[in-house]
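# Close look at the chain arrangement
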Amino acid sequence: MTVRSRLPSRSPWFAVLGPIVAVLFVVGFGRHLLVDWPTIATDPAFFQHTGWYVLEGGVPYVDVWDVNPPVPFGIAAALAALSGGNMLVLHGLGATLTTLVAAASVPLVGWIARRVTGDDAAAIAAGLTMLVVPELFLLSPEGVRAQFYALFFGVLALALALRDRPFLAGALAALSAGSWQSGAVFALLVVGMAYQRTGGKDALSAVAGGAVVTGAVVLAFAATGGLVPMVVQTVVAPLTAGSSYTLAERVYTILLVFGYGTVLLPVALYGWARAVVRDFRAQWWVPAGGVLLTVQVLFVDLDGSTDALLWLAFVALGVAVAVDRGFGRRSATADRRDRDATRTNRTPWAAVAVVAVVGLLVLSGLVWHFGSPAPQSTLRTMQAEAETDEDLPISPGDADVPSMQTIYWEQAKPETCHYRLSWNEVRWIAITDDRLNRRQCDAWPSRIDRG
């Protein structure tokens, strides 16, 4: 196998992409400090408060109801320990770490694209595609959110699988799934990649890596009496009380998330198709991940831009394959498994043009995010018209609990386990005949109205 440098900074693609990523994330973080600090959004306040609550004896899923897997709570608890109980310091740590994690995900996707295609222009195009959705660098400074960690652990798992490190890849994939349910796609992919690249032994090694992480989580919650409620809230509840939707509403949401960058979606689809037709044995996992996460955003969960981040990674890889196939030709190599292909007959201006176009789409994302252009307003109207009406007997406003921000800053220990009160939570309460004022959420529901 060809030995590759482990230092991405020695590669031309990183010399171009790295400074762009650094500038955008520094600007995003600086903007948050200047405009919004120390305001905290509801989701980061919830995760970071729960992390602090754990150190005070609270048990996730028992004292706190939530559909998210436990890894973000563990990360927030570690940050809370570092903060010494100061919630402002905790907020700063959460914002900083999440920004670093989100920023690192972009060059990781670029590295994967470079590994898959052997082409610097394709790697740059993949990294820039990640930045087409500006919420990646504008929302990460707000603090801990599950999807940013699922993205980071997931793409790192893919990178390790491509470096033939199956045990670590399996462990990181499990952390991705443990951050957000859709991260389970990475677990499936790294096991398949390990089997395809080096055989059944390494596939078992990947499974073992995931089993170690999963087993540690299961044992921890079994010891604290939170195993059953964790399964109920992170598995059963999302399947039975997930948000209602129409397919049209989901399509409009995708268009709203990508804005002008939507033009890259057919390019990614072309790249997935080319991977299937031209090099299925080595690249099957790119379209497989793309299709599985397309199902997620269309039929399972897409409430906003952060829910599309995992899918965005495979859109970026599809764009990379399309750029590679469209503007260069590959010569055969002695070791196709390693994908260390040589490039021939690439037209420099064509590669520069592709990168420039994707770069302009990154800038257009900022216009879409801040400018409220007419197409965006039209899409929002169409999305609202497509929404499915729900007739629930209760609403979040019926609960006698303070705002999540008040709970966070005052370091409150709520008297009920239902204090985040997301709509998924309210639906669950309605269909299980649960109570808003339940002290602990530690039991299997006695009934579920619909499934």
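Residues numbered from 1 in each chain as written. Predicted model: local features only at pLDDT ≥ 70, side-chain atom pairs only at ≥ 80, totals over all residues. Heavy atoms only, no water.

As recorded in an unreviewed UniProt entry, the chain goes by the name DolP-mannose mannosyltransferase, listed as coming from Haloterrigena gelatinilytica.

### Thoughts on unusual backbone geometry
Here the residue pair Trp-37 and Pro-38 is connected by a cis peptide bond, since its omega of 0 degrees sits within 30 degrees of zero. Secondary-structure assignment places Pro-38 in the loop between helix H1 (12-36) and helix H2 (42-55). Of note, the phi angle at Tyr-61 is positive, near 75 degrees, even though the residue is not glycine. One can find Tyr-61 in the loop between H2 and helix H3 (71-83). The backbone of Gln-411 shows a phi angle near 50 degrees, a positive value even though the residue is not glycine. (Helix = DSSP H or I, 4+ residues; strand = E, 2+ residues; numbered from the N terminus.)

### Some thoughts on the side chain of Thr-262
With respect to the element layout, Thr-262 can be found in the loop between helix H12 (247-258) and helix H13 (264-283). For Thr-262, a relative accessible area of 18% puts it in the buried group. Looking at Thr-262, its side chain comes within polar contact range of the main-chain oxygen of Gly-259, at 2.7 Å. (Buried < 20%, exposed > 50% of the residue type's maximum accessible area, 1.4 Å probe, protein only. Polar contact = N/O pair within 3.5 Å; in protein donor to acceptor, adjacent residues only side chain to side chain.)

### Examining the side chain of Thr-98
Mapping Thr-98 onto the fold places it in helix H4 (residues 87-117). Note on Thr-98: relative accessible area 0%, which makes it buried. In terms of polar contacts, Thr-98 uses its side chain to reach the backbone carbonyl oxygen of Gly-94, at 2.7 Å. Beyond its immediate stretch of four places on either side in the chain, Thr-98 contacts Ser-140, Gly-143, Val-144, Arg-145, Phe-148 and Tyr-149. (Contact = heavy atoms within 4.5 Å.)

### Here's the deal with the nonpolar core
Grouped together as the largest cluster of nonpolar side chains are 108 residues, with contacts concentrated most on Ile-112, Leu-131, Leu-136 and Trp-285. Top contributing element to this core by residue count: helix H7 (residues 146-162), with 14 residues. Listed in part, the 10 residues of the second largest apolar core include Val-67, Val-236, Ala-237 and Trp-428. (Core = buried A, V, L, I, M, F, W, Y, C linked by side-chain atoms within 4.5 Å.)

### Some details on helix H19 (residues 423-432)
Counting buried positions along H19 yields 9 of 10 residues, so the element is predominantly enclosed. Turning to H19, its buried residues number three or more, namely Asn-424, Glu-425, Val-426, Arg-427, Trp-428, Ile-429, Ala-430, Ile-431 and Thr-432. Just past H19, the residue Asp-433 takes up positive phi, approximately 60 degrees.

### Overview of the pattern of salt bridges
Here the structure, examined in full by the defined rule, presents 7 salt bridges. Between Lys-413 and Glu-56 there is a salt bridge, with the nearest N and O atoms lying 3.6 Å from each other. Taken as a pair, Lys-413 in the loop between helix H18 (404-409) and H19 and Glu-56 in the loop between H2 and H3 lie far apart in primary sequence, 357 residues in all. You can call Lys-413 partly exposed: its relative accessible area is 46%. Here Glu-56 falls in the partly exposed class, since its relative accessible area comes to 40%. The partner of Arg-145 in a salt bridge is Glu-142, with the nearest N and O atoms 2.4 Å apart. For Glu-142, a relative accessible area of 15% translates into the label buried. A cluster of three or more residues bridged by salt bridges with shared partners is formed by Asp-43, Glu-142, Arg-145 and Arg-420. (Salt bridge = Lys/Arg side-chain N within 4 Å of Asp/Glu carboxyl O.)

### Overview of the packing of aromatic side chains
For any two aromatic rings, the description comes down to two numbers: the centre-to-centre distance and the angle of the planes. Under the criterion given, the structure shown has 15 aromatic pairs. Seen from their ring centres, Phe-46 and Phe-73 are 6.0 Å apart, and the 80 degrees between their planes marks the pair as edge-to-face. A residue pair is termed long-range when its members are at least 10 positions apart, and Phe-46 in helix H2 and Phe-73 in helix H3 qualify at 27 residues. In terms of burial, Phe-46 and Phe-73 fall into one category: buried. Between Tyr-260 and Trp-368, the ring centres sit 5.1 Å apart and the planes meet at 75 degrees, which makes this aromatic pair edge-to-face. Of this pair, Tyr-260 sits in the loop between H12 and H13 while Trp-368 sits in helix H16 (residues 348-371); the two residues are 108 residues apart in sequence, bridging distant segments of the chain. Accessibility expressed as a relative area gives 34% for Tyr-260, which makes it partly exposed. According to the relative accessible area criterion, Trp-368 is buried, its value standing at 6%. (Phe/Tyr/Trp six-rings, centres within 6.5 Å; stacked < 30°, edge-to-face > 60°.)

### A closer look at the environment of Ser-83
Inspection of the secondary structure puts Ser-83 in helix H3. Using a relative accessible area of 9% as the deciding quantity, one classes Ser-83 as buried. Note: C-alpha distance between Ser-83 and His-418 (335 residues apart in sequence) is 26 Å. Here the side chain of Ser-83 touches Ala-80 through a polar contact of 2.7 Å, landing on its backbone oxygen.

### Re the environment of Pro-19
Within the secondary structure layout, Pro-19 lies in helix H1. Under the relative-accessibility criterion, Pro-19 is labelled partly exposed at 46%.

### Observations concerning the state of the cysteines
On inspection of all chains with the given rule, the structure shows 1 disulfide. What pairs with Cys-417 in a disulfide is Cys-441, and their sulfur atoms sit 1.9 Å apart. Taking the torsion about the sulfur-sulfur bond, which here is approximately 65 degrees, the covalent link between Cys-417 and Cys-441 counts as right-handed. Residue Cys-417 is located in the loop between H18 and H19, and its partner Cys-441 is located in the segment after H19; the two are separated by 24 residues in the primary sequence. Both residues of the pair, Cys-417 and Cys-441, belong to the buried class. (Disulfide = S-S within 2.5 Å.)

### Some points on the packing of H7 against helix H8 (residues 166-179)
What describes two packed helices is the angle between their axes and the distance between those same axes. Two elements in contact, H7 and H8, have axes separated by 8 Å at closest approach and are oriented at 165 degrees. Relative to H8, the element H7 lies roughly antiparallel. Remark: the crossing between H7 and H8 carries left-handed chirality. Packed against H7, whose contacting residues are Ala-146, Tyr-149, Ala-150, Phe-153, Gly-154, Leu-156, Ala-157, Leu-160 and Ala-161, the element H8 presents Leu-168, Ala-169, Leu-172, Ala-173, Leu-175, Ser-176 and Ser-179 at the interface. Residues that form the contact of H7 with H8 fall into these classes: 13 nonpolar, 3 polar and no charged. (Axes fitted to C-alpha atoms, helices over the stretch in contact; angles between N-to-C directions. Parallel < 35°, antiparallel > 145°, perpendicular 65-115°, else oblique. Left-handed = near helix turned anticlockwise from the far one by under 90°. Nonpolar A, V, L, I, M, F, W, Y, C, P; charged D, E, K, R; others polar.)

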